[in-house]
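An overview of the molecular structure
Listed here are the chains, written in short residue letters.
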Amino acid sequence: MADPSSYRPKPGQIPDSPGVYKFRDEHRRVIYVGKAKNLRQRVANYFQDLANLHPRTRTMVTTAASVEWTVVSTEVEALQLEYSWIKEFDPRFNVKYRDDKSYPYLAVTLNEEFPRVQVMRGAKKKGVRYFGPYGHAWAIRETVDLMLRVFPVRTCSAGVFKNAARTGRPCLLGYIGKCSAPCVGRVTPEEHRELAEDFCDFMAGRTGTYIRRLEKDMMQAAEEMEYERAARLRDDAEALKRAMEKSAVVLADATDADLIAVAEDELEAALQIFHVRGGRVRGQRGWVTDKVEAVDTSGLVEHALQQLYGEERGDAVPKEVLVPALPEDPEAVSQWLADRRGSQVSLRIPQRGDKKDLMATVQRNAQQALGLHKTKRASDLTTRSRALEEIAEALGLDTAPLRIECYDISHLQGDDVVASMVVFEDGLARKSEYRRFQIKGFEGQDDVRSMHEVIGRRFKRYLQDKERTEEWEEAQEAAPGAPGSASVHASATGPASMGPAATDPPATGQATAGPAATGQAAAVPAATGPAATGPVPAPALTAASPDDEPEPREDDGRPKRFAYPPQLVVVDGGQPQVAAARRALDELGIDDIAVCGLAKRLEEVWLPDDDDPVVLPRSSEGLYLLQRVRDEAHRFAITYQRAKRAKRIRSSPLDDVTGLGETRKQALIKHFGSVKKLRQATIDEICEVPGIGRRTAESVVAALATTAPAAPAVNTATGEIIEEDDGGSS
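A short tour of the structure in this document, coming up. (Residues numbered from 1 in each chain as written. Predicted model: local features only at pLDDT ≥ 70, side-chain atom pairs only at ≥ 80, totals over all residues. Heavy atoms only, no water.)

1. Re the pattern of salt bridges
Counted according to the given criterion, the structure contains 23 salt bridges. Note that Arg-694 is salt-bridged to Asp-684, the shortest N-O span being 2.9 Å. In this pair, Arg-694 sits in helix α21 (residues 694–706) while Asp-684 sits in helix α20 (residues 683–687), placing the two residues ten residues apart along the sequence. Assessed through its relative accessible area of 46%, Arg-694 is described here as partly exposed. Taking the shortest distance from any N to any O, the salt bridge between Glu-698 and Arg-694 comes out at 3.9 Å. One end of the pair, Glu-698, and the other, Arg-694, are both in helix α21, four residues apart, so they sit about a helical turn from each other. Here the salt bridges do not stand alone but share partners, grouping Arg-403, Glu-405, Glu-425, Arg-430, Glu-433 and Arg-458 into one network. (Salt bridge = Lys/Arg side-chain N within 4 Å of Asp/Glu carboxyl O. Helix = DSSP H or I, 4+ residues; strand = E, 2+ residues; numbered from the N terminus. Buried < 20%, exposed > 50% of the residue type's maximum accessible area, 1.4 Å probe, protein only.)

Here it is as structure tokens:
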């Protein structure tokens, strides 16, 4: 590992002009290329204290052995040179977007004497007009088949074309009217080229002209009583309309734009692009890339623009490019795009209207692409096995952690504090084992204390279930089927053996609020007291249900809920959360379960009593699995917290008034304007509301008197206090 100070340039040696710099390793290979408005300031940043550098930047500068730079006159030239060097040297520490597949294009070979319409992949060729990209080649073929009725352009290969010209007989498409058959001289080269150019105009979005022309010719043919020709023109117009329907109308007719969205995490980023031409989505594509350098969303967007348009010219660069974040130097990037297009290009973030809505759609596609990429990577059995082995090796475990539980705390400024427990078995989510917790030991915001409480409650239940299960098994071994088994059942399920039970309902992947989320199980009818005689079947018991009643076990005798111990407990957080979890286990005398924490910022793995974190390689499958587990726990916790908060916000003191239905409740709110004003009203004033009698009015006053006024709601975006204007229930 090289010492950056060994190749650091001398002070004043680096110019303060715009330029491009590149780092080389000991073998003279270029490992990183960057650009800067001020080379002196930018390059000097790489030679500060290593502890202050991002881990990926630190890895790069310690891998490098030298740095070079080239001065240019403008920032646009720096952008162009940076792209050229990245393409030439393929540096390992630069973000590179690579297609997860080769997207097909609809291509028209205008560089040939008789232009041909075909599906093309790979590098673009000069003189060929491209449309797309499309998600599937069959989508192109369906569109072309519809359009050949109106624009019978050649689609055959060079061999078929030459053979038809030699024999004087066209192919099948020539006989059925879907090719103008230039191979046998039915049309001149000029007429065929005109058809190809009309085809291109229609695909470029200028659709109205051709449909109106066909409809006009159809009406004229009908007036001249040429009904067969009119019917053919009608079918041609319908074919063009069906071809147009395959591209959704999303923006105004004249809009030509590319919309770019990015979804990212600490390790990877997914990019999605929608190509809109003539107001219609004409193509879509996406990439997933490793974040091999310290880069934010602006940097990812800039890299994407370079790789999208670095080889494009003219109309291939749209008039408008919409992005989620502007590059560091938007003026220089806009000028670079304008140079490639030959006219002005607008680079901006959509703020409102249809373009903002479409950008949200592109963003959802990017998020789904990233999630799908992670799912595909995690679903492979070999990959999962390797991930578990890497985790075991990194944490010093004796065996691979086949069952991993992860815990996360969620709250909003100390209110509605909840926790989640998610379970991964053999590297896959086991959603039937997910659990949710409400923090009950204290009020307020304290993630460390909350984590201690949750871990303690979960494993206290584990010890209770373990003790009860072992006691039952010992009794069965001593006297299976004997009358005394009834008393064993009573002791195994009675209050004396229960202890404080967790009240956290099970969940199946979706957090819901209220009693509906509670998993209810039929209680086992225990034979207790002297009346219980004769053999009693051995019921299968598991952990207590939320109402402190025992649940039946399944026929296979396997206990459920909290009876399975994990091999590894993961907490969302750093050293303090890990120490709290370990302390909770130690207090219960549990020393055979490993604990670690995953900190979000740098994806560091923390172990109890260790001052330094375990840093797994960025490409480690073990880190990838830990990240998935942590993210799932966070998702599950925040979903439950939001549902709980929404239920609290919607609740109203009027909900507890017996006999007061929704209609009369709304009548009260409408009459007084808010619960606050209703609280100040007298019984006689409440009786003035239609449908409200004196007894109901007294019940309303009593209910409002026993409940304290809610704290004022605050708009977190503006800090404005929101006036109470409804009953909170809708």
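Here the narrative resumes.
2. Focus on the environment of Ile-692
Mapped onto the elements of the fold, Ile-692 is located in the loop between α20 and α21. With a relative accessible area of 6%, Ile-692 lands in the buried category. Sequence separation between Ile-692 and Leu-668 is 24 residues; the distance between their C-alpha atoms is 8.6 Å. When sequence neighbours within four positions are dropped, the list of residues in contact with Ile-692 reads Leu-660, Arg-664, Leu-668, Ile-686, Cys-687 and Ala-697. (Contact = heavy atoms within 4.5 Å.)

3. Focus: the sheet that holds strand β4 (residues 105–108)
Spatially, β5-β4-β6 is the arrangement adopted by the three strands of the open sheet, whose pairing is antiparallel. Unpaired on one side and paired on the other, β5 (117–120) and β6 (129–131) mark the two borders of the sheet. With strand direction ignored, the average angle separating the axes of adjacent strands in the sheet is 35 degrees. Along the sheet, helix α7 (residues 189–203) contacts β4, β5 and β6; its crossing angle with β4, the most-contacted strand, is approximately 150 degrees. (Pairing = 2+ DSSP bridges. Axes fitted to C-alpha atoms, helices over the stretch in contact; angles between N-to-C directions.)

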